[in-house]
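The lines below spell out each chain.
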Amino acid sequence: MRTAKIKAGLPARPPAYDIMKKLAVLIASALVAIFALYSITDAYQALSAVQWASVAIVTATATILYIIFDREIIKGTTGRIAAVTASYALVAILLYHASAASVFRSDYWLLLNVFNSFGGFSTEALREISLFEIFGDTRFQPLAHLTMYIRHLIFGYNMYLYHAANIALHIVTGLLIYFILYRETRSASLSFLFGLLFIALYGHFDTVVWTYHIYIIIGAVLILACVRIMQDIDTEASLRRLVPVVLLSLFSFMLYEPAVAAPALLMLMIPWSATRGLGGDAFKRQLIKAVIVTGAAYFFYLCLTLYGTSLIGEGKKVTVGGLLTAENFIGGIKGVLHNLWYSTFLNNTGIETNTKLWDILYIYPQKALLSNPLNIIKVALGIFMIFCLRPTRKNWKIVSILLLITLSYIYVISLGRVHSNTILYFVSQPRYQYFTNAFFTLTAGILLWPLFKKQWFRPLLATILISFIFWNARSVTYWNAEIAEEMSFMDKPFYQMSEFTDNNPDAVIYTDFVPFNEARLYLGSEISMDLLFEGHLTKFKSRATHIYDGKTFKENPLYRGRELPAELGDFAISWMYKRLNEPEPWPDVVVLGSDDIYPKISVGADRVLTVSMIDAKSGKVQEVKLRHDLTLHWKPFAEIPPWRSFLLVKDGDELCLFIGGRRYDRARLQGPYKQWQADGRDLLGPHFTGKGGKSFVSAMLVELGTRDLSCKADILR
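What you are looking at is a predicted structure, and each value in this text was computed from that prediction instead of being measured. (Residues numbered from 1 in each chain as written. Predicted model: local features only at pLDDT ≥ 70, side-chain atom pairs only at ≥ 80, totals over all residues. Heavy atoms only, no water.)

Draft legend 1. View of the overall build of the chain. When helices and strands are tallied, the chain shows 25 helices and 14 strands. Considering only residue pairs separated by 6 or more positions, the chain has 76% of its internal contacts joining residues 24 or more positions apart. If you sum the accessible surface of the chain, you get close to 30,800 Å²; carbon and sulfur atoms cover 61% of it. (Helix = DSSP H or I, 4+ residues; strand = E, 2+ residues; numbered from the N terminus. Contact = heavy atoms within 4.5 Å. Areas by Shrake-Rupley, 256 points an atom, 1.4 Å probe, with all protein chains shown as cover.)

Written out as C-alpha cells, the structure reads:
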C-alpha cells in the first residue's frame, strides 16, 4: 500500500500511523470481548451450568473456526464445507436439543384431528387439507398443509423426528447463506460467521422448535436455493436453468404467500448477471425467456388460487381489494418499519426483550429499552455495524434484489396482519422473522465484505459478530429450556402413556387428570391424549381396565367390561371458546358430538347453548337450551383475543351451564336419555370451525360418570 502511494506521487503515511491504527482496533476488539463476557453477569442465574457450557461451546466454535478459515488452515473446498457443516450442526443441536422431545403445541392438534380423519391420500383428503384454515381469514396455501400432512404420514407421533427434520432444514438454511456469501466474497471466514449467526438468531428459534411451521423454513430454503442458482447464470444459460428457479420460487409462495413477489424479483438477477459477460442479443433472449416462464408461473398460480377459493364457499376471505386500501397501505408501511426496528435490529443484536410464553413465544419490545446500560452498548454496536455496511458498484445490484425480496415479504405479511390483527401482534411473532432474518443476514454479509476484507479492521468486526452470536445463543438456550419446562405437563404423561401402552397393548385407560398448566399454553389438551392414544382411552370409568392420574397407573376396581351403559349418566364437560366479533351471523359451533352422535352440544350465535339428546323411550331428539353470554372475557387471556370458559354439568335430573365459574342457566331434564355411542376422539366431534370460520374451541375436558360438581352452586370455588 505504501509503495502504491509512492508510485502515485502521494505522501506515504508513516509506519507509526499504521501501528496506532492496528493498536486502536485491537483495543476496541478487546473492549467488545470484555463487555460480552461482562454481560454474563446480567443473566448469570438465568442459565444452569450445563446451559452456560452449551453457550460457551457455541462461542468457542465460532471463534476457533473463524480463526481457522481466516488463516486458511483448511485449504481444500471439501474440507472447508465439511467443517462448516459439522460446526453448524453442532451449534444447532446444542441450542435446540432441550425441546427436541416435546410434543406438539397449540393449534397443531386441530390439524392432526383433520389428518386423522383420512385413511390416506384421496381427492377429498387433498381438498380438505388445501382449504383447511384453523382461524382467521381464509387463505389458499395448499402446499403448507400438504407438507405437514406428508410429514405426519412419515413420522407419525415420533416427536424426535419432527424436531430433527426442522433442525436439519434450519442447518440447510445456514449452509445456503454460507454458499451464497462465499460465491460473492470468496471469504470463508466472513461467510462462516454470518451463516452461524443465522443459526443462532434468537428472533426465529420458535419457528425451528415448533413443529407447526416447517413450511416457512422450506419456503426460505427454496428461495435461497434459487438465489444460488441465479448467481451462476451466464451466456449459456437456458430454460433448463430458469425453469427450476421459477418452479422452486412458485412452490415457496404456495407454501406461504408472502413470497409472492419472489419469482419476478429473482429474474432481476439476469440483468445483474449481464455485468458478468452476458450482453447484447444473448441478454435480450434471456430476459424474454424469463418473462415468459415467470408469467406462465403466475398465470398457473392465479388459476389454481381462483379454483381453490371458489371451493371455500361461505366464509370470510382475504381479497386484494380488501387489503389494498389507503388505510391498509399506510398500516403495512408502518408494520414494515416497526418490524425492521424491533424484530430485525433489536431482537438480533442481543437486546433483552419482553418475552411471554403462551401458545407460542411472543417477543414484545421493551418499554424502557435504554434503562439497562448493557442494552445501550448493544444498540451502539448494532448501529456501528450498520455504518460499516458498504454498498459498492459490484454489490449494489444483488443487494437491491435481495432487499426487494425481503421487504416485499415483510410488507405482504404486514398488510395481512394489519388487516386482521395489529402491528404489535405482527412484530411479536417469531415465525414472521425467519425468512426475513435469512435474507437480511445474507445482505449484511455482502455489504460488510468491502470493509471486512481490510485486514487491519477485520478483528473488530469479527469480535462484534461473535458477540452477537454469543448473546443470541444465550437467549435461545434460555427460552428453549423454558419451553421444555413449560411443556413438561404434556411431555411426561405422553412418554409414560407411550411406555405403558407399549407394554400393555390391550389396556383401556381412564385419565383421571387433565393436562393443564393454567392456560399458559392452550395447546389442544382436550384432544391430545385421544389423538395420540386412540383406542386406549375411554371417557367412561366403568370401561377402563386402568386409571391414570398423571403419575401412576392403577388397576380399576370398577371395571365392568367394555360395553357402554345404555342410559346417560352424570357428566361434566368444560371448554374454552373464542368467537371474534363479526357483523355477520355465524352458524352454530358443534363442541361435542355430531349429527350421528348424541348428546350433541353446540354454541349458537343467538347466545344459546343447545344440548340435543335422544329420549331413551321414544327415540326422538330433544333439545335443551341454556342461555350464555358471549361478551364475557376470560382474565388470563386479557392481552390476547377474548376467550370464554364454559362448564356444562349434568347433575341427576338437572343440567346447568357455568361461564367463568358463574352459573348462567339451569334446566330440568325429563330423561332418561340414551348414552353416547362413541368414545375417545370420536365423541369429541367437530369442535372447531375451519374454511373461513373464526370460531373454535380449546382446552376441552370431558368427564363422564362424575358427581363431583353440582348444579346447586351459583359460583364455582
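Draft legend 2. Seen up close, the pattern of salt bridges. Following the criterion strictly, the structure yields 10 salt bridges and no others. Its salt-bridge partner being Arg183, residue Asp232 comes within 2.8 Å of it at the nearest N-O pair. Of this pair, Asp232 sits in the loop between helix H11 (214–231) and helix H12 (239–255) while Arg183 sits in helix H8 (residues 159–185), and the two are 49 residues apart along the sequence. The shortest N-O distance in the salt bridge between Arg666 and Glu654 comes to 2.6 Å. (Salt bridge = Lys/Arg side-chain N within 4 Å of Asp/Glu carboxyl O.)

Draft legend 3. Main features of the state of the cysteines. All told, the structure shown has 1 disulfide when counted by the stated rule. Between the sulfur atoms of Cys656 and its disulfide mate Cys711 the distance is 2.1 Å. Every disulfide takes its handedness from the sign of the S-S torsion; for Cys656 and Cys711 that torsion is -85°, giving left-handed. Taken as a pair, Cys656 in strand E12 (residues 654–659) and Cys711 in the segment after strand E14 (696–704) lie far apart in primary sequence, 55 residues in all. Each member of the pair, Cys656 as well as Cys711, carries the same accessibility label: buried. (Disulfide = S-S within 2.5 Å. Buried < 20%, exposed > 50% of the residue type's maximum accessible area, 1.4 Å probe, protein only.)

Draft legend 4. Up close: the side chain of Thr441. As for its position among the elements, Thr441 is in helix H21 (residues 434–452). Within the structure, the side chain of Thr441 is placed 2.6 Å from the backbone oxygen of Asn437, a separation counted as a polar contact. If near-sequence neighbours (up to four positions away) are discounted, Thr441 is found in contact with Phe194, Phe198 and Leu201. (Polar contact = N/O pair within 3.5 Å; in protein donor to acceptor, adjacent residues only side chain to side chain.)

Draft legend 5. Structural detail: the sheet that holds strand E3 (residues 509–511). Pairing in this open sheet of 3 strands is mixed, and the strands run E3-E4-E5 from one edge to the other. Edge positions in the open sheet fall to E3 and strand E5 (553–555), since each of these has one partner strand only. When strand polarity is set aside, the average angle formed by the axes of neighbouring strands in this sheet is 25°. Taken together, the 3 bridges between strand E4 (residues 546–548) and E5 define a ladder with antiparallel strand orientation. The residue of E5 that forms the bridge with Ile547 is Lys554. (Pairing = 2+ DSSP bridges. Axes fitted to C-alpha atoms, helices over the stretch in contact; angles between N-to-C directions.)

Draft legend 6. How the structure looks around the environment of Asp595. Mapped onto the fold, Asp595 is located in the loop between strand E7 (589–592) and strand E8 (600–603). Sequence separation between Asp595 and Ser612 is 17 residues; the distance between their C-alpha atoms is 9.6 Å. A polar atom in the side chain of Asp595 sits 2.7 Å from the side chain of Lys600.

Draft legend 7. Broad picture of the confidence of the model for the chain. For the chain, mean pLDDT is 81; residues scoring 70 or higher make up 81% of the total. Predicted confidence for residues 1–8 stays below pLDDT 50, and this span has 9 contacts to residues more than four positions away or in other chains. Confidence drops under a pLDDT of 50 for residues 631–641, and excluding neighbours within four residues, the segment shows 22 contacts in the predicted structure. (pLDDT = per-residue confidence, 0-100.)

Draft legend 8. The arrangement of the side chain of Ser102 in detail. Note that Ser102 resides in the loop between helix H4 (77–96) and helix H5 (108–115). Given a relative accessible area of 4%, Ser102 falls into the buried group. Engagement of the side chain of Ser102 in a polar contact is seen with the side chain of Asp491, the distance being 3.0 Å. If near-sequence neighbours (up to four positions away) are discounted, Ser102 is found in contact with Met159, His163, Ala484, Met487 and Asp491.

Draft legend 9. Expanded view of helix H7 (residues 142–155). With 14 residues, H7 should reach 20 Å at 1.5 Å per residue; the first-to-last C-alpha distance of 20 Å fits that figure. Buried residues of H7: Pro142, Ala144, His145, Thr147, Met148, Tyr149, Arg151 and His152, and no others. Gly156 occupies a position one or two residues after H7 and carries a positive phi of about 60°. (Expected span 1.5 Å × (residues − 1).)

Draft legend 10. How the structure looks around the packing of H4 against H8. Contact geometry for H4 and H8: axes closest at 10 Å, N-to-C directions at 140°. By the angle between their directions, the pair H4 and H8 is classed as oblique. For the pair H4 and H8, the crossing hand works out as right-handed. When H4 is examined against H8, the residues Arg80, Ile81, Val84, Thr85, Tyr88, Ala89, Ala92 and Tyr96 are found in contact with a partner set consisting of Ile167, His170, Ile171, Gly174, Leu175, Tyr178, Phe179 and Tyr182. Looking at side-chain class alone, the contact of H4 with H8 contains 12 nonpolar, 3 polar and 1 charged residues. (Parallel < 35°, antiparallel > 145°, perpendicular 65-115°, else oblique. Left-handed = near helix turned anticlockwise from the far one by under 90°. Nonpolar A, V, L, I, M, F, W, Y, C, P; charged D, E, K, R; others polar.)

Draft legend 11. The arrangement of a positive patch on the surface in detail. A contiguous patch of positive charge on the surface is contributed by Arg186, Arg390, Lys394, Lys453 and Lys454. Tracing the sequence through the fold places Lys454 in the loop between H21 and helix H22 (458–486). (Patch = residues over 30% accessible without salt bridge, like charges linked within 9 Å, V, L, I, M, F, W, Y side chains within 5 Å. Lys, Arg positive; Asp, Glu negative; His and termini not counted. Charge placed at Lys NZ, Arg CZ, Asp CG, Glu CD.)

Draft legend 12. Fine view of unusual backbone geometry. In this structure, the amide linkage connecting Tyr598 to the following residue, Pro599, adopts the cis form with an omega of 0°. Note that Pro599 resides in the loop between E7 and E8. The phi dihedral of Arg186 is positive, around 60°, even though this residue is not glycine. Structurally, Arg186 can be placed in the loop between H8 and helix H9 (188–200).

Draft legend 13. The arrangement of the nonpolar core in detail. Tyr88, Tyr96, Tyr108, Phe192, Met267 and Phe439 are the most contacted members of the largest nonpolar core, which has 163 residues in total. With 14 residues, the single largest contributor to this core is H22. (Core = buried A, V, L, I, M, F, W, Y, C linked by side-chain atoms within 4.5 Å.)

Draft legend 14. Representation of the pairing of strand E13 (residues 662–668). The pairing of E12 with E13 spans 6 bridges and is antiparallel. Following the sheet pairing, Phe658 is matched in E13 by Arg663. Hairpin connection between E12 and E13: a loop of 2 residues separates the two successive antiparallel strands, and Gly660 in this loop has a positive phi of roughly 60°.

Draft legend 15. Quick peek at H8. Over its 27 residues, H8 extends 39 Å from the first C-alpha to the last, a length consistent with the 39 Å expected when each residue adds 1.5 Å. In terms of burial, H8 is largely enclosed, as 20 of its 27 residues are buried. The residue sitting at the N-terminus of H8 and contributing the capping side-chain oxygen is Asn158; that oxygen lies 3.2 Å from the backbone nitrogen of Tyr160. Just downstream of H8 lies Arg186, where phi reads positive at about 60°.

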